Amino acid sequence: MQFFPFAVMAWILAVGLYGIVTSRHLVHQIVCLIVVQSSTYVLLLGVGYRRGAAAPYFYDIPVHTPAVDPVVQALALTDVVVEAAVTALLLAFAIQAQKRFGTLDPQELVQFKG
Amino acid sequence: MTPAARRWVFLAGAAGFAAFLLWGLTGLPGFGGYPGPYGDIINRVAVAQTNATGVVSAINFEYRGFDTVGEEFILFTAAIGVATVLRHLRGERERAARDGAMDRDAPPVSEAVRLVSLVLVGPVFLVGWYLASHAQTSPSGGFQGGVVLATGFVLIYLAGEFLVFKRISPVDITDAVGAVGAGGFAAVGVTALAMGLPYLFNFLPLGSAPGAVSSSGTIALISFFVGIEVAAAFVLIVSELLEQTLLVRQERP
Amino acid sequence: MSALAAATPYAAPLGLMDVLQVTILVLVAAGATGVVLIRDPVRQVIALSVYGVLLAVLFLAFQAPDVTLSELTVGAVVLPLLLVLTLAKIRRREE
């Protein structure tokens, strides 16, 4: 249990990378990139967790109750929303690639140079 | 390189990378044993210093507000990038956005979907507004509220047609709202500079009770700006993609 | 450690929390494998939506409700929407 979340993070990273490398469709590659990004959220929140502690919101619990680390939650929170916008940009590139080259297979797109 | 060879090269490289990654991860303090002082210090002083009971939002918009300015501008740039990349190429024309029910080849939207979407538009906007304005009290904030608000606009598209969606959120107004959001955040920081304080210093009055809606100074204001900017960015992205799907056609050569 | 659980009125019993976290972690790992192994992009979008909800439950079990909200709205609604619109555009071009 001490190491299990980090092992899961490494597994998700490896599986996502495998999907990116062996993909035959640009949109499938982009979804695998989303999976790779999600592994970093798991790592961030796993690092900040404290056993038996509450969420860091002191609206109805006294201020000195043990709470988990709020800094990594702040990082993961903005991460999730911003990477959705970056994924939208990648999808726009995929649309234009299909218009210009007619194919969405990354292993065929490699041959177009310049 | 053939795909099979590529797969073997990847597996060899990934094995080495995975070995180093797992070795590094075992050096972390075990799961559940967070030792570091930074989080504990912030948990202890945040409510007293900023009158905000939502410590995560206080970190996002006050203690590490400079990082959030950067992230917000990444979002802004990505939305502009989508609008730029999907500009019309040579040889495309945009079909006029008129009601072409006769020559549309998609199945008509079912009445159940339209009714449910129409009923949900109001509550979704209310929830999004609530989330964007309560950053300092509970788990909410500008980012989540903005995304929920953008979802409300998409529900309008589902309930009505694309023409209604375009009329409610024309590109010029969405652009302007997004710019107001992004610029407003930066302007709050610059106003602190103009008053002789550090950039993004919390200069507004902190309010009476911790966790009240009108407390915590610039945190609530910044969260509002971030909310409208995120909503505008996502509405812009979705409307660009919808336009591509429904209106832009390739000229017959 | 049980003194901590008594002091925080909103924390679950520790044993239950551990079991929940391990179960959700296993489900998330299986979900990620499923998303990658599905090759057809349209089916992959549905799998991605389910994976987003599983991730949201995981973040909730890690005591991070803010990140849960973000992941639910983005991963289960906005990302599948963008992907489906892109796939519709691509499919229309291929006809």
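Since we're looking at a predicted model, the values are computed, not measured.

For the rest of this paragraph, the subject is the overall build of chain A. Tallying secondary structure elements over chain A gives four helices and zero strands in all. Going residue by residue from the N terminus, the α and β elements of chain A occur as α-α-α-α. Radius of gyration (C-alpha) of chain A: 19 Å, far over the 13 Å computed for a compact globule of 114 residues. Seen along its three principal axes, the alpha-carbon backbone of chain A occupies a region of about 60 × 30 × 20 Å. Sequence separation of at least 24 residues holds for 52% of the intrachain contacts in chain A that already meet a minimum separation of 6.

Moving on to the overall build of chain B. Looking only at helices and strands, chain B has nine helices and two strands in total. Excluding contacts between residues fewer than 6 apart, the proportion of contacts in chain B whose partners are at least 24 apart in sequence is 74%.

Right, let's get into the interface of chain A and chain B. Taken together, the contacts link 43 residues of chain A with 49 residues of chain B. Elements with a contribution of two residues or more to the side of chain A that touches chain B: α1 (4–21), α2 (26–47) and α3 (70–101) of chain A. Among the elements that make up the side of chain A that touches chain B, the one with the highest residue count is α3 of chain A (17 residues). Residue composition of the side of chain A that touches chain B, grouped by class: 31 nonpolar, eight polar and four charged.

Count 3.6 residues to each turn of an α-helix, and residues three or four apart come out pointing the same way. Residue and element names in this part refer to chain B. Along its 23 residues, helix α5 (residues 111–133) runs 34 Å from first to last C-alpha, staying within 8% of the 33 Å computed at 1.5 Å per residue. Its maximal kink placed at Val 121, α5 deviates by approximately 35°, while the proline Pro 123 follows within four residues. Val 124, Gly 128, Leu 131 and Ala 132 are the residues of α5 that are buried. Packing partners of the buried residues in α5 comprise α6 (142–159) and α9 (218–246).

This paragraph deals with the packing of α2 of chain A against helix α3 (residues 41–61) of chain C. Where α2 of chain A contacts α3 of chain C, the axes come no closer than 11 Å and their chain directions differ by 5°. The angle between the axes of α2 of chain A and α3 of chain C places the two elements in the roughly parallel class. Of α3 of chain C, the residues touching α2 of chain A (which contributes Val 27, His 28, Val 31, Ile 34, Ser 38 and Leu 45 of chain A) are Pro 41, Gln 44, Leu 48, Leu 55 and Phe 59 of chain C. Residue composition of the contact of α2 of chain A with α3 of chain C, grouped by class: eight nonpolar, three polar and no charged.

Looking at chain A, the pLDDT average stands at 88 and 97% of residues meet or exceed 70. Mean pLDDT across the elements of chain A bottoms out in helix α4 (residues 106–109) of chain A (79) and peaks in α2 of chain A (94).

The biggest cluster of nonpolar side chains holds 129 residues, and the ones touching the most others in it are Leu 45 of chain A, Ala 233, Phe 234 and Ile 237 of chain B together with Leu 82 of chain C. Ignoring anything within four residues of it in the chain, the contact list for Leu 82 of chain C reads Thr 87, Ala 88 and Leu 91 of chain A together with Ile 237 and Leu 241 of chain B.

The subject of this paragraph is the interface of chain A and chain C. By a frequent convention, interface size equals the accessible area lost on bringing the separate parts together. On the side of chain C, 42 residues touch chain A, which itself brings 44 residues to the contact. Among the elements of the structure, α1, α2 and α3 of chain A are those that each provide at least two residues to the side of chain A that touches chain C. In terms of residues, the side of chain A that touches chain C owes the most to one element, α3 of chain A, which gives 13 residues. Split by residue class, the side of chain A that touches chain C holds 32 nonpolar, ten polar and two charged.

Attention now moves to the environment of Gln 63 of chain C. Its location among the elements puts Gln 63 of chain C in the loop between α3 and α4 (65–94). Judged by C-beta crowding, with 25 C-beta atoms within 10 Å, Gln 63 of chain C ranks as buried. The contact partners of Gln 63 of chain C, leaving out residues within four places of it in the chain, are Tyr 49, Ala 53, Ala 54, Ala 55 and Val 68 of chain A.

We now examine α3 of chain C. Compared with the 30 Å implied by 1.5 Å per residue over 21 residues, the 30 Å span of α3 of chain C between its first and last C-alpha is a close match. Once α3 of chain C finishes, Gln 63 of chain C follows within two positions and takes phi at roughly 60°, a positive value.

Before going further, it helps to examine unusual backbone geometry. Here Asn 51 of chain B, not a glycine, exhibits a phi torsion of approximately 60°, which is positive. Looking at where Asn 51 of chain B falls in the secondary structure, it is placed in the loop between α2 (37–50) and α3 (55–63). Phi at Gln 63 of chain C takes a positive value of approximately 60°, unusual for a residue other than glycine.

Further remarks concern the confidence of the model for chain B. Taken over all residues, the pLDDT of chain B has a mean of 82, while the share at 70 or more is 86%. At the level of chain-chain contacts, confidence expressed as ipTM amounts to 0.90, with global pTM at 0.89.

On to the packing of α3 of chain B against α9 of chain B. Residue and element names in this part refer to chain B. Relative orientation of the contacting elements α3 and α9 amounts to 85°, with a least axis distance of 9 Å. The angle between α3 and α9 places the two elements in the roughly perpendicular class. Within the contact between the two elements, α3 uses Ser 57, Ala 58, Phe 61 and Glu 62 and α9 uses Ile 219, Ile 222 and Ser 223. Classifying every residue of the contact of α3 with α9 by side-chain character gives four nonpolar, two polar and one charged.

Rules used in this analysis
Residues numbered from 1 in each chain as written. Chains lettered and ligands numbered in written order. Predicted model: local features only at pLDDT ≥ 70, side-chain atom pairs only at ≥ 80, totals over all residues. Helix = DSSP H or I, 4+ residues; strand = E, 2+ residues; numbered from the N terminus. Rg over C-alpha atoms; globule rule 2.2 N^0.38 Å. Contact = placed C-beta atoms within 7 Å. Nonpolar A, V, L, I, M, F, W, Y, C, P; charged D, E, K, R; others polar. Expected span 1.5 Å × (residues − 1). Bend = angle between axes of the 7 residues up to and from the residue. Buried ≥ 20, exposed ≤ 12 C-beta atoms within 10 Å, placed from the backbone. Axes fitted to C-alpha atoms, helices over the stretch in contact; angles between N-to-C directions. Parallel < 35°, antiparallel > 145°, perpendicular 65-115°, else oblique. pLDDT = per-residue confidence, 0-100. Core = buried A, V, L, I, M, F, W, Y, C linked by C-beta atoms within 7 Å.

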